[in-house]
Amino acid sequence: MSYFINKFNQKIAYKYFKGKSPGIIFIHGLTSDMEGKKALTIQKYARKKRLSFLRFDCRGHGKSYGDFHNFTIEDWKVDLLDMIDNIAKGPQILIGSSLGGWLMMLAAKSRKSKIAGLIGLAPAADATIYLMNELPKKVKNEIQKKGIAKFKKWNIFLTKKFFQDGRRNLVLKNSFSFNKPIILIHGLEDKDVSPEISQKIMKKTSSNKVQIRYLKNSGHRLSTKNDLKTILNAIDNMLELI
């Protein structure tokens with residue numbers, strides 16, 4: 001385990017090994033971390049192919065600094081940019097899981113020249129919009145009045161700032177200007193992020209190199225043996241496309 005110290009003197013935990021280019025950066029989802037099955041499976045693949053690989057914990061997650069409710073999408077975008085600018089070397093394939101799919105799109109807007117391609121795993125682009133719509137009325141009211149409320153379903157505290165920052169970082173409100181390959185993988189049984197989000201990403205993206213791979217019986221986690229095979233196959237295809 002290594003730690004990057006950011007400009008606020010806060011630790012960001014990461015694991016990185018050098019290899020060939022393009023490298024791969026895995027970006028975990030909301031309330032997840034870099035130790036999940038997808039991250040470790042992709043790491044094993046990268047070692048076998050001798051590609052550079054980086055995984056990390058956004059602040060408020062895993063072994064990185066702070067508590068979840070003190071951070072927002074803007075903070076996690078900065079964490080990813082810190083990894084791209086200070087740890088990773090050369091062009092990168094970003095693989096974003098769930099909320100990580102939103103983060104990879106934000107990073108692609110900010111660091112176009114450093115990103116070779118994007119792979120979204122049930123990408124939760126603009127997630128704060130539909131998350132707010134799904135919250136119980138009591139929780140919504142509490143957020144409006146007190147600025148923070150507990151969301152029992154996920155056992156987390158959600159803040160007004162979390163949703164305000166989300167609105168400032170929407171990627172699908174206008175067209176998404178990115179002309180490199182994108183592969184999106186989504187389970188049709190996903191109850192957390194609608195499979196329609198992947199279609200929306202495709203429609204809003206300027207690139208004509210966008211693919212969606214729907215998995216008929218898969219849910220949000222995309223961690224079954226078949227799901228993981230599909231993810232590794234997508235990386236193989238991405239390497240051929242770039």
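Going by the structure above, here's the rest.
Residues numbered from 1 in each chain as written. Predicted model: local features only at pLDDT ≥ 70, side-chain atom pairs only at ≥ 80, totals over all residues. Heavy atoms only, no water.

A.B. asks: How should I be thinking about the overall build of the chain in this particular structure?
C.D. replies: A count of helical and extended segments in the chain gives eight helices and ten strands. Relative to a compact globule of 242 residues, whose C-alpha radius of gyration would be 18 Å, the chain shows 17 Å and is just as compact. Projected onto the principal axes, the alpha-carbon positions of the chain cover approximately 50 × 40 × 35 Å. Intrachain contacts of the chain at a sequence separation of at least 6 include 71% that bridge at least 24 residues. The centroid of the 45 positive side-chain charges in the chain is displaced by 2 Å from the centroid of its 20 negative side-chain charges. (Helix = DSSP H or I, 4+ residues; strand = E, 2+ residues; numbered from the N terminus. Rg over C-alpha atoms; globule rule 2.2 N^0.38 Å. Contact = heavy atoms within 4.5 Å. Lys, Arg positive; Asp, Glu negative; His and termini not counted. Charge placed at Lys NZ, Arg CZ, Asp CG, Glu CD.)

A.B. asks: Looking at this structure, I do not really get a nonpolar patch on the surface. What am I missing?
C.D. replies: Where nonpolar side chains cluster on the molecular surface, the patch consists of Met1, Tyr3 and Ile5 and spans about 270 Å² of accessible area. By secondary structure assignment, the location of Ile5 is in strand β1 (residues 2–5). (Patch = residues over 30% accessible without salt bridge, like charges linked within 9 Å, V, L, I, M, F, W, Y side chains within 5 Å. Areas by Shrake-Rupley, 256 points an atom, 1.4 Å probe, with all protein chains shown as cover. Salt bridge = Lys/Arg side-chain N within 4 Å of Asp/Glu carboxyl O.)

A.B. asks: Is there a simple way to think about the packing of helix α4 (residues 127–134) against helix α6 (residues 160–168) in this case?
C.D. replies: Between two packed helices, the angle of one axis relative to the other and the distance separating the axes together describe the packing. At their nearest, the axes of α4 and α6 sit 8 Å apart, and the two run at 140° to each other. Here α6 runs oblique to α4, going by the angle between their axes. The residues of α6 that touch α4, namely those facing Thr128, Leu131 and Met132, are Phe162, Phe163, Gly166 and Arg167. In terms of residue class, the contact of α4 with α6 is built from four nonpolar, two polar and one charged. (Axes fitted to C-alpha atoms, helices over the stretch in contact; angles between N-to-C directions. Parallel < 35°, antiparallel > 145°, perpendicular 65-115°, else oblique. Nonpolar A, V, L, I, M, F, W, Y, C, P; charged D, E, K, R; others polar.)

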